[in-house]
Amino acid sequence: MKGRVTYRGEFPVSEDIESILGVDWDVPRKPYPAKTVLLPTGERMVIRETAREEAPKILQAITPLLTVSRDFYDIVAARQYAELLGWYRRRVRKEFCLVGIVDGKLAGIVNSRAYDQKTHISYHTVALKRGARVGAQLFAAKHEHSMETQGAEEILVTAESPIGFRRWIVEWGLQVKPGVQHELGGVKTWVITRDIYNKVKPRLVMGSRPVPEDLLKRSATFEIAPLDWVSKE
Amino acid sequence: MTKFGRHDDKTLIDLMVESSLRALEDAGASEKNVDAVYAASMLAGELNNRVAIGSALVDQLALIPAAADRVENGPASGGSAIKNAYCGIACGMYDTVLVTGGEKMRHVPGETITDYIATMTNIEAEYVHGVTLPSLAGMLTRLYMERYGLTEEDLARVAVKNHLNGSKNPYAHIQQPIALEGIYGSPEAEVNNPMIADPIRMYHCCPVTDGAASVLLCATEKAKEFTDTPIRIAGIGQATDKMAVQDRKDPAVLEALRVSAAQAFKMSKTTPQDMSLAELHDAFTILEIVESEDAGFFKKGAGSKALRDGVTALEGRLPINPSGGLKARGHPVGATGVAQVVELTWQLRGEADKRQVKNAKRGFSCNLGGFANNILAFVLERS
Amino acid sequence: MSENRLVAYKCKKCGAIVYPKRFLCSSCRGRDFEEYPLGGEGKVLTYTKLWAIPEGIEQLPLTLAIIEFDGKVRVTGQVLSEEVKTGDRVRPVWGHIRKVRGKEIQGFRFELIS
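How each quantity is defined
Residues numbered from 1 in each chain as written. Chains lettered and ligands numbered in written order. Predicted model: local features only at pLDDT ≥ 70, side-chain atom pairs only at ≥ 80, totals over all residues. Contact = placed C-beta atoms within 7 Å. Helix = DSSP H or I, 4+ residues; strand = E, 2+ residues; numbered from the N terminus. Pairing = 2+ DSSP bridges. Axes fitted to C-alpha atoms, helices over the stretch in contact; angles between N-to-C directions. Parallel < 35°, antiparallel > 145°, perpendicular 65-115°, else oblique. Left-handed = near helix turned anticlockwise from the far one by under 90°. Nonpolar A, V, L, I, M, F, W, Y, C, P; charged D, E, K, R; others polar. Buried ≥ 20, exposed ≤ 12 C-beta atoms within 10 Å, placed from the backbone.

Novice: Explain the arrangement of the chains to me, please; I cannot follow it from the model alone.
Specialist: Contacts are most numerous, across the 2 pairs of chains in contact, for chains B and C. Note that chain A does not reach chain C: the shortest distance linking a C-alpha of one to a C-alpha of the other is 9 Å.

Have a look at this one:
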C-alpha cells in the first residue's frame, strides 16, 4: 500500500508508516514539579523535567562520553543516547527525562520510561559534573517522579557499572526481582517497590520547592560546559 | 611533585620520573650525579605489577651507578624513605640523595584498594573479622565522641577547611571548595555525605589518588652548591605501637605519635609552640584532630575546639594542612610522606603562593603507616 | 583453640594476657603461655557500623566492636546486632565470620546479653 509522503522538515515521513511505527510518546502525564537540591559544594542544582525538543541538545552533551571506557561511561552514555534519541524520534514509549542544572550549565541527565501504569523501567543516570553527588540526587528525583507524580507501584532497575551498583542499588537496599529481565538485558533486575521507596524517602529523596522564579527562568535553557575530567586523547 | 589526581595515561614510573626531574631541576641538580635514590611505594607490586622500583627509577633517570632501594612502610613509605635518606647522608655514606614517593591507584576498584590497605591491620585479630581502615576510624571517632564530646560537625569542618586550602593548591587532587551545609546539617547532607563506617562519612575520608612527590637531600655543608634557600631537616622521629588497635594501652591515644613527635622536637631542640605550620596525616578527618593533640599542639580532647576557633585555618595561629592535606591534596599512599615535606619546604621558602603561611619559619609533619601503629615525624626549619 | 570457648593466652613469666596467640609476650618477650579462658561475658569498649563492607562479608551493615574482658584483654569482632552501644555486655559465639577469596572462615562473633 502506498503511503502519502509528507515533507516534515528534514525527514520526509510517510504518515501511514509513522502511524505503524511511531509510538504513543505524547502521553498526557503529570509534570514533575521542579525543585532545587543543595550540593556538597554549596551550589544549588535545579532538577526539572525536559521536553522532547531538548533531546538533541542533551545528545550533544553526552556525545564526548561515548568513548570514555573507564567506569563504564561509554556503555551508559551510549545507551542513554539511544534511549533519548528513540524518545525524540518517537520510537520509545512513554519515556521521560529529568536534568540537573547548576549555574545555567547541564550537570546531569536521568531517564526512565513507563512500561505500564504499575511498572516503570529505570534507564540511566549520567553525571557530567563529577564529585558533587549529582548522580545520587538525580537518581532519587526520577524515582520520585515515577512513584509520587505518576503513581507507579514498582520500578525495575539495573546497573552496568560497579559505581552505579554500589551507590544506588546497595545504598537504596534494593531487592533482586527474580524471573524478570530488565529491558537492557543485563545480569540481574532489582526492584524499587513502594515499600522500599517510602522507607528510603526520608533519607534519600529531598529538595526545596518551589524553585525561585528567576532561577527557574534561568534554568529553562542550559549551556553545555566542556568536560574537563575527560582526558583529551 | 606531579599534580595529584587521576593519571590514566601515565604509569607509576612515569609519575615518579616526572616528579624526580622536577625536584632535580628545582635544585639545579639536573646535570649532577646523585649518590643514592630511595623509591617509596606501598602497592607497586599489587596494583602496578612492578617490584624493585628503586632500580627502575635509577635506570630511567640515568643516574646509574647510584645506590637504589625501594622503601615500603604502608602509607608511611614516603616518610620512611626520607628518614633512610637522611641516615645515609648523616652517617657519611652519601652526600646527595633523591627521595621519590609515588603511587598509581585510581585504575583499581575502590573495594580492592580498601582490601589491600586493610591487610596492614593485624590479620588474625582484625582483618579476618572484616576490619578495614575506615572501620578503625569509625571506632576511634565513636570513642572521641563519647569521651571528649567531638561532634559530627567537627569532622565536617576539617573537610571544609582542607578543601578550601586545596582550592589554592594547583597540585591538589581536589581543588573544589565544599560548603559545610552541603555535607552536614541539611537534609541533602544525608545523600551528599553517606555513611561509610558510622560515624565516619564519605566526606570525612581522603580520596584515592595517583601521583608522585620528590625531594633532594644533601649534606648540610654542601647545601650552598644547590640553593641559597636550603631547608634543614632539623628533627626526625619514628615510633611504633601495638599493631592491633585493641592492644593499645588507650585506643584513643596515638602513642606512636606522642613518642615520635617528642623525638623530632628533641632532636631539633624545638617545641610544638615553635612551629609555624603542620602537615598532618588526615586520611580520615578524625585523624587530623587527634594528631593535632597527640603531636603536642593542643591538650587531649581540645583539638576540635581549636579547629572551631579557627586556630588551625590558613590565617590562624597554627595552620594545619595548608596544602589541603590528604583530604584535598589527595593520598597516593607512597607519595604522601614526601609530599608533606615538599609542602613544608615550599612554605618555609615562601613559595606557597595563594596558600602561603605568613612568616613560616618551622614546620612539622607526621606520616602514618598502618592505623597509627608506625609513625614518622619531621621538623623542618629555614636555615 | 577449642571451638566452644574463647581462649586467650597468659604469659607464664609475667602474667600478661594476650589475644590472639603470638610468638612472644608483648610485655616481657616470654615464650611460654598457658590457656586463659575468657569466660562468657565481655563489655563493648567502642563500635562502628561498617557500610562499605569488604568482599566476602554479606552482612550489611557489618557491626564491629572492640570488646574488653575482665579489664585485662580486648578482642575485636563482629557483633550480631545493630543495636549495640558502648558498655553493652556481650558473649562470644562460634560461627561463620566471612569468606576470604572464596574460602570459608569461622571464628568468634558476639551477641548481646540482654
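Once you've had a look at it, read on.
Novice: Can you help me understand the interface of chain C and chain B in this one?
Specialist: Interface size is commonly expressed as the accessible surface area that is lost when the partners come together. Tallying the contact residues gives 26 residues for chain C and 29 residues for chain B. Breaking the side of chain C that touches chain B down by element, the ones donating at least two residues are β4 (42–50), β5 (62–69), β6 (73–78), β7 (89–100) and β8 (103–112) of chain C. Sheet topology note: the strand β4 (residues 195–198) of chain B/β4 of chain C ladder contains 2 bridges and is antiparallel. Among the inter-strand pairings, Asp-198 of chain B is bridged to a residue of β4 of chain C, identified as Lys-49 of chain C.

Novice: What should I look at first to understand the sheet that holds strand β9 (residues 362–369) of chain B in this one?
Specialist: Pairing between the strands of a sheet is mediated by backbone hydrogen bonds and can be parallel or antiparallel. Residue and element names in this part refer to chain B. If you trace the 4 strands from one edge of the open sheet to the other, you get β7-β10-β9-β8, paired in mixed fashion. What marks the edges here is a single partner per strand, and that holds for β7 (231–240) and β8 (277–279). Across the sheet, the axes of successive neighbouring strands diverge by a mean angle of 15°, strand direction being ignored. Contacts from helix α4 (residues 77–90) reach β7, β9 and β10 (374–382) within the one sheet, and its direction differs from that of β7 by about 120°. Sheet contacts for helix α14 (residues 333–349): β7, β8, β9 and β10; angle to β9, the most-contacted strand, approximately 175°.

Novice: Looking at this model, I keep getting lost on the environment of Asn-193 of chain B. Mind explaining?
Specialist: Its location among the elements puts Asn-193 of chain B in the loop between α9 (187–192) and β4. Considering only alpha carbons, one finds Asn-193 of chain B and Glu-291 of chain B, 98 residues apart in sequence, at a separation of 24 Å. In this structure Asn-193 of chain B touches Pro-40 of chain A together with Ile-183, Tyr-184, Arg-201, Met-202 and Tyr-203 of chain B, once residues within four positions along its chain are discounted.

Novice: Would you take a moment to explain the packing of helix α1 (residues 12–26) of chain B against helix α3 (residues 53–60) of chain B for this structure?
Specialist: If you want to describe how two helices pack, look at the angle between their axes and the distance between the axes. Residue and element names in this part refer to chain B. Running from amino to carboxyl end, α1 crosses α3 at an angle of 55°, the nearest separation of the two axes being 10 Å. In terms of orientation, α1 and α3 fall into the oblique class. Of the two possible hands of crossing, α1 and α3 adopt the one that is right-handed. Contacts from Ile-13, Met-16, Val-17 and Ser-20 of α1 reach α3 at Ile-53, Ala-56, Leu-57 and Gln-60. The residue makeup of the contact of α1 with α3, split by class, is 6 nonpolar, 2 polar and no charged.

Novice: Sorry, what's going on with the interface of chain A and chain B here?
Specialist: Every contact between the two is made by 19 residues of chain A and, on the other side, 20 residues of chain B. Elements that contribute at least two residues to the side of chain A that touches chain B include exactly β3 (35–38), α4 (134–149) and α6 (194–204) of chain A. With 3 residues, the single largest contributor to the side of chain A that touches chain B is α4 of chain A. Across the side of chain A that touches chain B, the residue classes break down as 9 nonpolar, 5 polar and 5 charged.

Novice: Before we go on, may I ask you to explain the packing of α4 of chain B against α14 of chain B in this structure?
Specialist: Residues and elements named next belong to chain B. Viewed as axis vectors pointing N to C, α4 and α14 meet at an angle of 55°, and their least axial separation amounts to 5 Å. With respect to α14, the element α4 is oriented oblique. Note on element contacts: α14 touches α4 through Val-333, Gly-334, Ala-335, Thr-336, Gly-337, Val-338 and Val-341, opposite Ser-77, Gly-78, Gly-79, Ala-81 and Ile-82. When the residues that make up the contact of α4 with α14 are grouped by side-chain class, the tally is 6 nonpolar, 6 polar and no charged.

Novice: When you look at unusual backbone geometry in this model, what are you seeing that I'm missing?
Specialist: Negative phi values dominate among residues other than glycine, just as trans dominates among peptide bonds. A cis geometry characterises the amide bond from Ile-64 of chain B onward to Pro-65 of chain B, with omega recorded as 10°. If you trace the backbone, Pro-65 of chain B turns up in the loop between α3 and β2 (67–71). Along the chain, Leu-60 of chain C connects to Pro-61 of chain C via a cis peptide bond; the corresponding omega equals -5°. Position of Pro-61 of chain C among the secondary structure elements: in the loop between β4 and β5. Its identity is not glycine, yet Ala-62 of chain B carries a phi of approximately 55°, on the positive side. Summarising the element assignment, Ala-62 of chain B is placed in the loop between α3 and β2. Its 7 C-beta neighbours within 10 Å are what place Ala-62 of chain B among the exposed residues.

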